[in-house]
Structure formats: structure tokens, C-alpha cells
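Survey of secondary and tertiary structure
The lines below spell out each chain.
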Amino acid sequence: MAEHATEVIVGGVVVAAAAGFLVYASQFGGFGAGGANSYPLTANFRSIEGISVGTDIRLAGVKVGTVTDVALNPATFRADATFSIQSAFELPDDTAAVVASEGLLGGSYIELLPGGSPFNLGAGDEIVDTESSVSLIQLLLRFVSGDGSE
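Let me sum up the structure you'll find in this document.

Calculation criteria
Each chain carries its own residue numbering, running from 1 in the written order of its sequence. Where local features are concerned, this predicted model is filtered to residues with pLDDT of at least 70; where side-chain atom pairs are given and counted, the filter is 80 or more; whole-chain, interface and lining totals use all residues. Only heavy atoms go into the side-chain values, all of them from the structure, while hydrogens and water stay out. Two strands are counted as paired when DSSP detects at least two bridges linking them. In this description a helix means any DSSP run of H or I spanning at least four residues, a strand means any run of E spanning at least two, and both kinds are numbered starting from the N terminus. Each Phe, Tyr or Trp ring, with Trp reduced to its six-membered ring, pairs with another whose centre is within 6.5 Å; inter-plane angles below 30 degrees give stacked pairs, above 60 give edge-to-face pairs, and intermediate values give tilted ones. Here, a charge over a ring means that NZ of Lys or CZ of Arg falls within 6 Å of the ring centre while also lying within 35 degrees of the ring normal. Residues forming no salt bridge and having over 30% relative accessible area are the ones grouped into patches, like charges within 9 Å of each other and nonpolar side chains (Val, Leu, Ile, Met, Phe, Trp, Tyr) within 5 Å. Areas reported here follow the Shrake-Rupley algorithm with a probe of radius 1.4 Å; residue values treat only the protein chains shown as occluding. Any carboxyl oxygen of Asp or Glu within 4 Å of a side-chain nitrogen of Lys or Arg constitutes a salt bridge here. Note on exposure labels: buried denotes an accessible area under 20% of the residue type's maximum, exposed denotes more than 50%, and partly exposed covers the range between, all computed with a 1.4 Å probe on protein chains only. The criterion is simple. A nonpolar core is a set of buried Ala, Val, Leu, Ile, Met, Phe, Trp, Tyr and Cys residues joined through side-chain atoms within 4.5 Å. The criterion used for residue contact is that any of the two residues' heavy atoms lie within 4.5 Å. Counted as positive: Lys and Arg. Counted as negative: Asp and Glu. His and the chain ends are not counted at all. Pairing of N or O atoms within 3.5 Å defines a polar contact, subject to two protein rules: one partner must be a possible hydrogen donor and the other a possible acceptor, and residues neighboring in sequence count only if both atoms are side-chain atoms.

As a further point, take the sheet that holds strand S7 (residues 126–127). Spatially, 8 strands are ordered S7-S1-S4-S3-S2-S6-S5-S8 in an open sheet, and the strand pairing comes out mixed. Edge strands, defined here as strands with exactly one partner in the open sheet, are S7 and strand S8 (129–131). Bridge count between strand S5 (residues 96–101) and S8: 3 bridges; the pairing is parallel. In the sheet register, Ala-96 faces S8, and the bridge partner there is Asp-129.

Below is the structure:
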């Protein structure tokens, strides 16, 4: 009988630890970024290679949001990205969104470059000024083939 009680206690500890890890992951992993303390923005890119749901949105290198949706627009054949930004950050309406890379082998993220407009973006607005990702493979192929501008 004591063996069953020990198994139940150990099982309870394992379940509690798993629940704790899930709470930690949802708070610090960006899964809870679409809550009441954020507002949605959209942007339209030629290419968002390396960007997916959960990718960081950064301002001056600091995470201020998370990508919540990525879809291909069938009318324009461009990639539409939707992301949530923390409500504490009000961005000017001439803010630019750039797909940036952390390094040669690192991941990608979207960097926000605020402009100087006195008017701010509101919930659901679109960032018009975007710059797409640069494919490292295409750059290397262009360099190897000597197909660059000289």
C-alpha cells in the first residue's frame, strides 16, 4: 500500500513540474504577447524568409512584440505579417519594418525603425515602409558567379 502512495506523490510532483514549465514558457516564450497589454499592427513584405509565428519584433534591439500571423496575399503575391506590440510603445505612423538577421547562422527578427511623425499608429494599422529579408544563399551565388555590380 505504501508503494502506491509513493507513486501517487511522485506522479503529482511530475505533473506540477510540467505545469510550472508550461506557465514559464507561456510567459517568457512570447506565447502570451497577444493579450490586453498589446495592440495589433500589420506589414506587407516582398519576402519574409526566416520569419514565422512567434518571431520577435524588436525596437533598438529590445523585444517589444511578437509575430502573431503570417500569410501570403493572393492578390499581391506578397507576404502579410500581423504582429502585436506592447501598449507601452506608441510608434509614429512613418515607422519602418525591416526583416533583420542576428548573424550568419542566427535567426531572423523584425526590427522597427521609428520615424519622426507626430502622428502614431493605432490598433490594426499597417506599416507601409517595409524592407524584406536578404537571402544569404542568393548573395553567395551572386558573388561566386561574378554577377554583381562592378
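Turning our eyes to something else, we now look at the pairing of strand S4 (residues 78–86). Where strand S1 (residues 38–45) and S4 come together, 8 bridges link them in antiparallel fashion. Following the sheet pairing, Phe-45 is matched in S4 by Ala-79. Sheet topology note: the strand S3 (residues 62–73)/S4 ladder contains 8 bridges and is antiparallel. Paired with Val-67 across the bridge in S4 is Phe-83. Between S3 and S4, which pair antiparallel in sequence order, lie 4 residues; one of them, Phe-77, sits at a positive phi of approximately 55 degrees.

For the rest of this paragraph, the subject is the packing of aromatic side chains. For the structure shown, the criterion picks out 0 aromatic pairs. Across the ring face of Tyr-109, the terminal group of Arg-58 is positioned such that the distance to the ring centre comes to 4.2 Å.

Taken together, Val-134, Leu-136, Leu-139 and Leu-140 make up a surface patch of nonpolar side chains, about 350 Å² in accessible area. Position of Leu-140 relative to the elements: it lies in helix H2 (residues 136–145).

Between side chains of opposite charge, a pair can form when the charged atoms approach closely. Using the criterion set out here, one finds 3 salt bridges in the structure. The residue Asp-56 makes a salt bridge to Lys-63 at a minimum N-O spacing of 3.5 Å. Note on Asp-56: relative accessible area 22%, which makes it partly exposed. Given a relative accessible area of 31%, Lys-63 falls into the partly exposed group.

Another point: the nonpolar core. Across soluble globular proteins, you tend to see nonpolar side chains buried next to one another. Counting 21 residues, the largest nonpolar core has Ile-85 and Leu-112 as its most contacted members. When contributions to this core are tallied by element, the ones reaching two or more residues are S1, strand S2 (56–59), S3, S4, S5 and strand S6 (108–113). Apart from the residues lying within four places of it in its own chain, the contact partners of Ile-85 are Asn-37, Ser-38, Tyr-39, Leu-41, Ile-57, Val-64, Gly-65, Leu-91 and Leu-112.

The pairing of S2 with S6 spans 3 bridges and is classified as parallel. Considered in S6, the bridge of Ile-57 is made with Ile-110. Inspection of the sheet shows S5 paired to S6 by 6 bridges, in the antiparallel sense. Pairing of Val-98 across the sheet is with Glu-111, part of S6.

Now for the side chain of Glu-111. Positionally, Glu-111 belongs in strand S6. Although Glu-111 lies buried, it forms no salt bridge, and the closest oppositely charged side chain, Arg-58, sits 6.1 Å away as judged by the N-O distance. A distance of 3.0 Å separates a polar atom in the side chain of Glu-111 from the backbone nitrogen of Ala-60.

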